[in-house]
Amino acid sequence: MRPFKYERATDAAAATKAVSANSSAKFLAGGTNILDLMKEDVERPTALIDITRLSLSQIRSANGGVSLGALAKNTDTANHPLVRQNFPLLSMAILAGASGQIRNMATNGGNLLQRTRCPYFYDVAMPCNKREPNSGCAAMEGLNRMHAIFGWSEKCIAVYPSDMAVALAALDATVKVQDANGKERTINFGDFHRLPENSPEKDTNLTNGELITSIEIPKNNFAGKSYYLKVRDRASYAFALVSVAAALETNGNKIKNVRIAMGGVAHKPWRAMEAEKMLVGKEATEANFKMAAEAEMKNAKPLEHNKFKVELGKRAIVRALSMAMNGDKA
Amino acid sequence: MRYIGKEMSRVDGVAKVTGQAKYAAEFQVKNVAYGFIVQSTIAKGSIKSIDTSEAEKQSGVIKIFTHLNSVKRKDKDDAFCALQNEKIVFNGQPIALVVAESFEQARFAARLVKAEYLKEAHLTETEKAPTVDSRGGKVRGNPKEALQNAAVRISAEYTIPIEHHNPMEPHAAIAMWDGDKLSIFDKSQGVKEVQRHLAKSFGIATENVSVVSPFVGGAFGASLNPNYYPFLTAAAAREIKRPVKVNYTRRQMFTGHGYRPYTIQKVQIGASKDGKLQAIIHEAIGNTSTFEDFSETPNGFGRTLYNCPNYDTPYKLAKTDLPTPTWMRAPGAVSGAFAIESAIDELAYELKIDPLQLRIINYAEKDPDTGKPFSSKALMECFKQGAAKFGWEKRKPEPRSMRDGKWLVGWGTATGTWGAMQLPASIRITLKADGTANVGSATADIGPGTYTVITMIAAEFLGISPEKVKFELGDTKLPNAPVQGGSFTTASVGSAAHGAALNIKKKLFDFAVRDFGFAGVSVEDTEMAKGFLFSKKDNSKSVAIADLMKKNNLTEIVENYTSMPSKERNNYTSMAHGAQFVEVKVDEDLGIIKVTKVIEATAVGKIMNPKTSHSQEMGGIVWGIGMALQEQTEIDHRYGKMMTTNLADYHIPSNADVHTVETDFIEEDDKIINPLGIKGMGELCLVGIPAAIANAVFHATGKRIRTLPITIDKIL
Ligand SMILES: Cc1cc2nc3c(=O)[nH]c(=O)nc-3n(C[C@H](O)[C@H](O)[C@H](O)COP(=O)(O)OP(=O)(O)OC[C@H]3O[C@@H](n4cnc5c(N)ncnc54)[C@H](O)[C@@H]3O)c2cc1C
Ligand code: SF4
């Protein structure tokens, strides 16, 4: 670990000021990602501004939806009655991630900003455009079984690892942030994370020093029919090969409203817009789910070692929608 | 028996869970400095220049060692030794050791050490690497011809990736010198080996090296060889004239000691239509390094298993630019069993004979290689009891014929075998007049429960309760014992404890004959218990041990005893055996495999402590699940570098991956192997598991996966 300054912020304004004044300063929340990356010499902040004492950990109902404090723990968020009753998809997604111990430390804001698990990103002896712009992408022709099939660029093929964010993408959440001048803005979830394009070093559209204060989920009618499916290399404590957050609102067997987002396939949570469009107004049948899944996955561009993700993605969409529709009977 | 054969909790359990048990890195040593290893970033070539100037300027840095200023080893063998010259022989090779006042300072400065290399082309793919012949065992009969003539033939190739031990406790050592006397706390499976290695390396007398390793947080073979860091640590300590501690990071563990070699095996089997094996040709190639040959003969283990008249096991090593592999739990055996036990399963489907039945048809009643009888072999009982418990007779033979809702169900079986070895071992028992005993032997307890079982044996034959026995291990000041590996510790050190206790009884008995009227009683008819030596046949003959000692002006009796494997063993083949029955459920759409049930029946001689024995067996099964479905060290061959070098990318089973696991013992009364009838079990329990799981996956899906691990993408 390189030497760094540690400061404990007393309020949001001080925190954002401290970070925006120093381009190599970072917020410290649960620390479960940033500290690991510092030990690996991947992140090299000269200052850590500890935000854990800020009062941003409330979870409360807001306009029929829910507002999740940026510093609320993943565990508390997943287990909160408002979340479990109205947005079970989010509970499922959070609980599918990491381990109990990590979720106890991890915060909602930190979760959104966790960085990729690409092994070349973690290994400072390897070329990696995300870690060191213009050094090359070792994964492109290397071990890329875990990597993207959608939206990647010649610069970077990494996937974004969060499970929680996949559910938030499906639930049309927004992210509230605040800058050093105390100015607030609200970012639609789809615009929060970026595709790698020419600057994979930037994971999101936040500017340095902008603090996430809360995540807002608007009211919806998906609570009865939603499912988070995570396919991974072991039953627990592994990142997704492919995951699908599926939510349905139906009228009889007719689909009124549907949300599908995928994890493990792109540099950001991947909303399956194509599939969603095809399904609205259709019967909720396996045949229709299949048709929609195929339409979505035909745009996939797999790499040498992750071709299986295309077929797996299709089947995972169908399974997640069926589980959302029928629960365990699927 | 009072203690042997009864369940006993670990005598060191409380110390472990309360943190009192000290592991190598945890010893508090005054004025200790911290070393951090800098590793090469190329796989092959040499160091052109190494710049430590920036690192040296950092606060806390005491000294930086490179090949230019390091201590050179006094003797040479093929094993890798750090900082000896400019040559790079694997990616991740140590090229410098930064020593500083704190671990964090050392780690930070280590990152500022800059090396320039002269790169050479490397080769890390076993498939492409040049090979050399290794020992493969004699050819039995005429396998080629017999294969040609066989009515039914199968031929298949199986691949096992590199796997790493990943014990919870990383390697660590603290070394300190007093003149030319070296003491070192080390994580080790054999302190005497480390002692010999360090004495030779520094050119000092063996007795001038003290190695202490009382607790080991798992090792599985990773600490069988001395490894390169104890010398590196001790050399630094000598140069800076201060104690030095080196503690590995998880990433460093992947290049710190070795791994299970990448293994490619081709199995050809010829059989008659009624299932009698005619010929087996089991070829194997395992990778090794360019500078050292490591061979584990994976194909050797099938040779004693089946009554097959024609058998050949050619074995080659592929020289790769990687660290040297090493022993990893059930080395060779589990890799070989994956191939041969998968192939036997393939043959069973070909012949349309139940795979268990096929094994019974070809059951070896004596060692087919030597013609010697087995000293004991209850494998048939394992088959029967395991099958009955599992409900094997309800198995439908066709693949894909069993279902549970959307899950395909598969049942598979395999056999495991492992040598029942014993090595010379010494022990010292001091029985005191107050009825307590000190026992010491330089063995290790890397987890199987050696502290407990040796305590039990001593207590049993000294006739005192286990709480009265204090057993010390892991210290070179104690009598010689072999490394803890090969599942031979209890057989070796346990036999020594038994022998020593009997000799103490004999000494007391001689006193009793002389002083307390025991004439006419035979020593075999006496027993020690509750502080007395007494005749089991004649109530009147009984004397307090304290009185015996007092009469002879003794406060204690010390017995140094060395047990040797008996000569009689040479007339027999001694093996441990086991049968595995596995149920998997496969979600074929998503490629997910669940190992829902494992029943393992093993015949491993006398069970000394059922509690720790079951624990060993369960651990082996869980390991087998990992090996079958998850474990794999992936290499980026362009860089010759291992990439999955952390526990997030290198998967082992989580709790959620393990369902019903049951382990049964079929006890064998085998007095030929040693007086207590002890075989080993810590490795055997793993041997058949990966094959049994792969066979169950085939039964469920009709897909024969011959390359481990069986991941989702292979099922889709
Ligand atoms: C072994 C392991 C397995 C894991 N498995 C999974 C998994 O399966 N699925 C999954 O989804 N996750 C997984 N995780 C990741 C885990 O969810 C994240 O590490 C965690 O959510 C990060 O939260 P934190 O509060 O600890 O963030 P920190 O590490 O404290 O911070 C992460 C980043 O966010 C920034 N930050 C934090 N809070 C704010 C804020 N309010 N405003 C602006 N910036 C902020 C920090 O500056 C830092 O850059 C795993 C982690 C580990 C270590
Ligand atoms: S995929 Fe992205 S993160 Fe991985 S090596 Fe390439 S640039 Fe780096």
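These numbers come from a predicted model, not from an experiment.

Trainee: Tell me what's going on with the overall build of chain A, and back it up with residues and numbers.
Mentor: Tallying secondary structure elements over chain A gives 13 helices and 12 strands in all. Scaling as 2.2 N^0.38, a compact globule of 330 residues should have a C-alpha radius of gyration of about 20 Å, and chain A matches this with 19 Å. For chain A, the C-alpha atoms occupy an extent of roughly 60 × 45 × 30 Å along the three principal directions. Among the 330 residues that make up chain A, the fraction classed as buried is 52%. Counted over contacts in chain A with a minimum sequence separation of 6, partners at least 24 positions apart contribute 63%.

Trainee: Summarise the overall build of chain B; cite the residues concerned and give the values.
Mentor: Counting its regular elements, chain B contains 17 helices and 30 strands. Taken over C-alpha atoms, the radius of gyration comes to 27 Å for chain B, in line with the 27 Å a tight globule of 716 residues would show. For chain B, the spread of C-alpha atoms along the three principal axes comes to 75 × 75 × 50 Å. Among the 716 residues that make up chain B, the fraction classed as buried is 58%. For chain B, contacts bridging at least 24 residues in sequence account for 81% of all contacts bridging at least 6.

Trainee: Could you give an account of the site of ligand 2, naming the residues involved and the relevant values?
Mentor: Residues in contact with ligand 2 amount to 14 residues; listed here are only the nearest, Cys-118, Tyr-120, Cys-128, Cys-137 and Cys-156 of chain A. Residue composition of the shell around ligand 2, by class: 11 nonpolar, two polar and one charged.

Trainee: Residues and numbers for the packing of helix α11 (residues 450-462) of chain B against helix α12 (residues 489-515) of chain B, please.
Mentor: Residue and element names in this part refer to chain B. Between α11 and α12, whose axes approach to 9 Å, the crossing angle comes to 25°. Here α11 is positioned roughly parallel relative to α12, judged by the angle of their axes. For the pair α11 and α12, the sense of crossing is right-handed. In this structure, α11 uses Thr-450, Val-453, Ile-454, Ile-457, Ala-458, Phe-461 and Leu-462 to contact α12, whose residues at the interface are Thr-489, Thr-490, Val-493, Gly-494, Ala-497, His-498, Ala-501, Leu-502 and Ile-504. Across the contact of α11 with α12, the residue classes tally to 11 nonpolar, five polar and no charged.

Trainee: Hey, could you go over the interface of chain A and chain B for me, with residue numbers and the actual values?
Mentor: Opposite the 23 residues of chain A that make contact, chain B presents 26 residues. The element best represented in the side of chain A that touches chain B is helix α13 (residues 308-326) of chain A, accounting for six residues. Residue composition of the side of chain A that touches chain B, by class: 13 nonpolar, two polar and eight charged.

Trainee: Can you break down the site of ligand 1 residue by residue, with the values?
Mentor: As a matter of local geometry, ligand 1 sits amid 32 residues, with Gly-30, Gly-97, Gly-109, Gly-110 and Leu-113 of chain A nearest to it. Chain contributions to the surroundings of ligand 1 come from chains A and B. Looking at side-chain class alone, the shell around ligand 1 contains 17 nonpolar, 12 polar and three charged residues.

Trainee: Just give me the short version of the sheet that holds strand β20 (residues 437-440) of chain B, but keep the residues and values in it.
Mentor: Residue and element names in this part refer to chain B. What the four strands build is an open sheet, ordered β21-β20-β19-β25; its pairing is mixed. At either margin of the open sheet sits one strand with a lone partner, and together these are β21 (469-472) and β25 (556-563). Averaged over all neighbouring strand pairs, the angle between strand axes comes to 15°, with direction disregarded. Where α11 meets the sheet, it contacts β19 (425-432), β20 and β21, and its direction lies at approximately 140° from that of β21.

Trainee: Outline the domain arrangement of chain A, supporting the account with residue identities and numerical values.
Mentor: Here the domain parsing of chain A yields domain 1 (5-53) and domain 2 (226-329). Once you take the C-alpha centre of each, domain 1 of chain A and domain 2 of chain A turn out to be 36 Å apart.

Trainee: Kindly report on the packing of helix α14 (residues 610-629) of chain B against helix α16 (residues 689-701) of chain B, identifying the contributing residues and their values.
Mentor: Residue and element names in this part refer to chain B. At a closest axis distance of 8 Å, the pairing of α14 and α16 adopts a crossing angle of 55°. Taken together, the axes of α14 and α16 are oblique relative to one another. α16 is crossed by α14, and the crossing has right-handed handedness. Contacts between α14 and α16 pair Gly-620, Ile-621, Gly-624, Ile-625, Met-627, Ala-628 and Leu-629 from the former with Ile-689, Pro-690, Ile-693 and Ala-694 from the latter.

Trainee: Residue-level account of the nonpolar core, with values.
Mentor: Residue and element names in this part refer to chain B. With 326 residues, the main nonpolar core has Val-98, Ala-458 and Ile-693 as its most contacted residues. When residues no more than four places from it in sequence are discounted, the contact partners of Ala-458 are Ile-429, Ala-437, Val-439, Val-469, Phe-471, Ala-497 and Ala-501. Residues Ile-285, Tyr-315, Leu-317 and Ala-318 belong to the second largest nonpolar core, which totals six residues.

Trainee: Requested: an account of the domain arrangement of chain B, with residues and values cited.
Mentor: Residues and elements named next belong to chain B. Per the domain assignment, the segments of chain B are domain 1 (24-122 + 165-256), domain 2 (263-421 + 570-715) and domain 3 (423-564). For domain 1 versus domain 3, the separation of C-alpha centres amounts to 40 Å. Broken down by secondary-structure element, the contributors of at least two residues to the side of domain 1 that touches domain 3 are α5 (191-202) and β11 (209-212). By residue class, the composition of the side of domain 1 that touches domain 3 is eight nonpolar, eight polar and two charged.

Trainee: Which residues make up the environment of Val-584 of chain B, and what values go with them?
Mentor: Residue and element names in this part refer to chain B. Among the structural elements, Val-584 can be located in strand β26 (residues 575-587). Val-584 gets classed as buried once you count the C-beta atoms within 10 Å, which come to 31. For Val-584 and Trp-411, which are 173 residues apart along the polypeptide, the C-alpha to C-alpha distance reads 6.6 Å. Those residues in contact with Val-584 that sit more than four places away from it in its chain are Gly-410, Ile-593, Lys-594, Val-595, Thr-596, Ile-693, Ala-696, Val-697 and Ala-700.

Trainee: Before we move on, can you summarise unusual backbone geometry with the specific residues and values?
Mentor: Leave glycine aside and you will find that most residues have negative phi; peptide bonds, for their part, are mostly trans. All names here are of chain B. The peptide bond linking Leu-708 to Pro-709 adopts the cis configuration, its omega dihedral lying at -5°. Examined against the element boundaries, Pro-709 turns out to sit in the loop between α16 and α17 (712-715). The residue Phe-220 is not glycine, and still its phi comes out positive at about 60°. Relative to the helices and strands, Phe-220 is located in the loop between β11 and α6 (229-240). On the basis of neighbour count, Phe-220 is assigned to the buried category, with 26 C-beta atoms found within 10 Å. Backbone geometry at Lys-241 places phi at a positive 55°, although glycine is not the residue there. With respect to the helices, strands and loops of the structure, Lys-241 is situated in the loop between α6 and β12 (244-247).

Trainee: How would you sum up the sheet that holds strand β4 (residues 59-62) of chain A? Please name residues and give values.
Mentor: Working definition: the strands of a sheet are paired by backbone hydrogen bonds and lie parallel or antiparallel to each other. All names here are of chain A. A sheet is described by the order of its strands in space; here five strands give the open sequence β4-β5-β8-β6-β7, paired in antiparallel fashion. On the outer flanks of this sheet lie β4 and β7 (184-188), each paired with one strand and no other. The mean angle between the axes of side-by-side strands here comes to 25°, regardless of whether they run parallel or antiparallel. In this sheet, strand β8 (residues 211-217) lies alongside strand β6 (residues 174-178) in antiparallel orientation, the contact comprising five bridges. Its bridge partner lying in β8, Val-175 is registered against Ile-215. Contacting β6 and β8, helix α1 (residues 12-20) crosses the sheet at an angle of about 120° to β8.

Trainee: I'd like a rundown of helix α10 (residues 379-390) of chain B, residues and numbers included.
Mentor: All names here are of chain B. Over its 12 residues, α10 extends 16 Å from the first C-alpha to the last, a length consistent with the 16 Å expected when each residue adds 1.5 Å. Those residues of α10 that sit buried are Leu-379, Cys-382, Phe-383, Gly-386, Ala-387 and Phe-390. Considered in projection along α10, the buried side chains sweep an arc of 115° and stay on one side of the axis. For α10, the secondary structure elements touched by its buried residues are α9 (355-361), β18 (407-419), β26, β27 (592-603) and β30 (660-665). The positive-phi residue at the C-terminal boundary of α10 is Gly-391, with phi of around 85°.

Trainee: Just give me the short version of α16 of chain B, but keep the residues and values in it.
Mentor: Residues and elements named next belong to chain B. Taking 1.5 Å per residue as the helical rise, α16 with its 13 residues ought to reach 18 Å, and the 18 Å between its terminal C-alpha atoms agrees with that figure. Within α16, 12 of the 13 residues are buried, leaving the element largely enclosed by the surrounding structure. By the burial criterion, the buried members of α16 are Ile-689, Pro-690, Ala-691, Ala-692, Ile-693, Ala-694, Asn-695, Ala-696, Val-697, Phe-698, His-699 and Ala-700. Directly beyond the C-terminal end of α16, a positive phi value near 80° is found at Gly-702.

Trainee: If you had to explain the environment of Asp-510 of chain B to someone new, which residues and values would you point to?
Mentor: Checked against the element boundaries, Asp-510 of chain B lands in helix α12. In this structure, the C-alpha to C-alpha distance between Asp-510 of chain B and Leu-716 of chain B, residues 206 residues apart in sequence, is 74 Å.

Trainee: With reference to specific residues and values, describe the pairing of strand β22 (residues 526-529) of chain B.
Mentor: All names here are of chain B. Burial along β22 is one-sided: Thr-526 and Met-528 are buried, and none of Glu-527 and Ala-529, which face the opposite way, are. Sheet topology note: the β22/strand β23 (residues 532-535) ladder contains four bridges and is antiparallel. If you follow Ala-529 over to β23, its bridge partner there is Phe-532. Linking β22 back to β23 in an antiparallel pair, the connection comprises two residues, with Lys-530 at a positive phi of about 50°.

Trainee: How would you explain the environment of Arg-428 of chain B if you had to name every residue and give the values?
Mentor: All names here are of chain B. Within the secondary structure, Arg-428 sits in strand β19. Taking C-alpha positions, Arg-428 is 10.0 Å from Ala-442, a pair spaced 14 residues apart along the chain. Those residues in contact with Arg-428 that lie beyond four places of it in its chain are Gly-440, Pro-479, Val-558, Glu-559 and Asn-560.

What counts and what doesn't
- Residues numbered from 1 in each chain as written.
- Chains lettered and ligands numbered in written order.
- Predicted model: local features only at pLDDT ≥ 70, side-chain atom pairs only at ≥ 80, totals over all residues.
- Helix = DSSP H or I, 4+ residues; strand = E, 2+ residues; numbered from the N terminus.
- Rg over C-alpha atoms; globule rule 2.2 N^0.38 Å.
- Buried ≥ 20, exposed ≤ 12 C-beta atoms within 10 Å, placed from the backbone.
- Contact = placed C-beta atoms within 7 Å.
- Near = placed C-beta within 6 Å.
- Nonpolar A, V, L, I, M, F, W, Y, C, P; charged D, E, K, R; others polar.
- Axes fitted to C-alpha atoms, helices over the stretch in contact; angles between N-to-C directions.
- Parallel < 35°, antiparallel > 145°, perpendicular 65-115°, else oblique.
- Left-handed = near helix turned anticlockwise from the far one by under 90°.
- Pairing = 2+ DSSP bridges.
- Domains from an automatic or database assignment.
- Core = buried A, V, L, I, M, F, W, Y, C linked by C-beta atoms within 7 Å.
- Expected span 1.5 Å × (residues − 1).
- Arc of directions from axis to C-beta.

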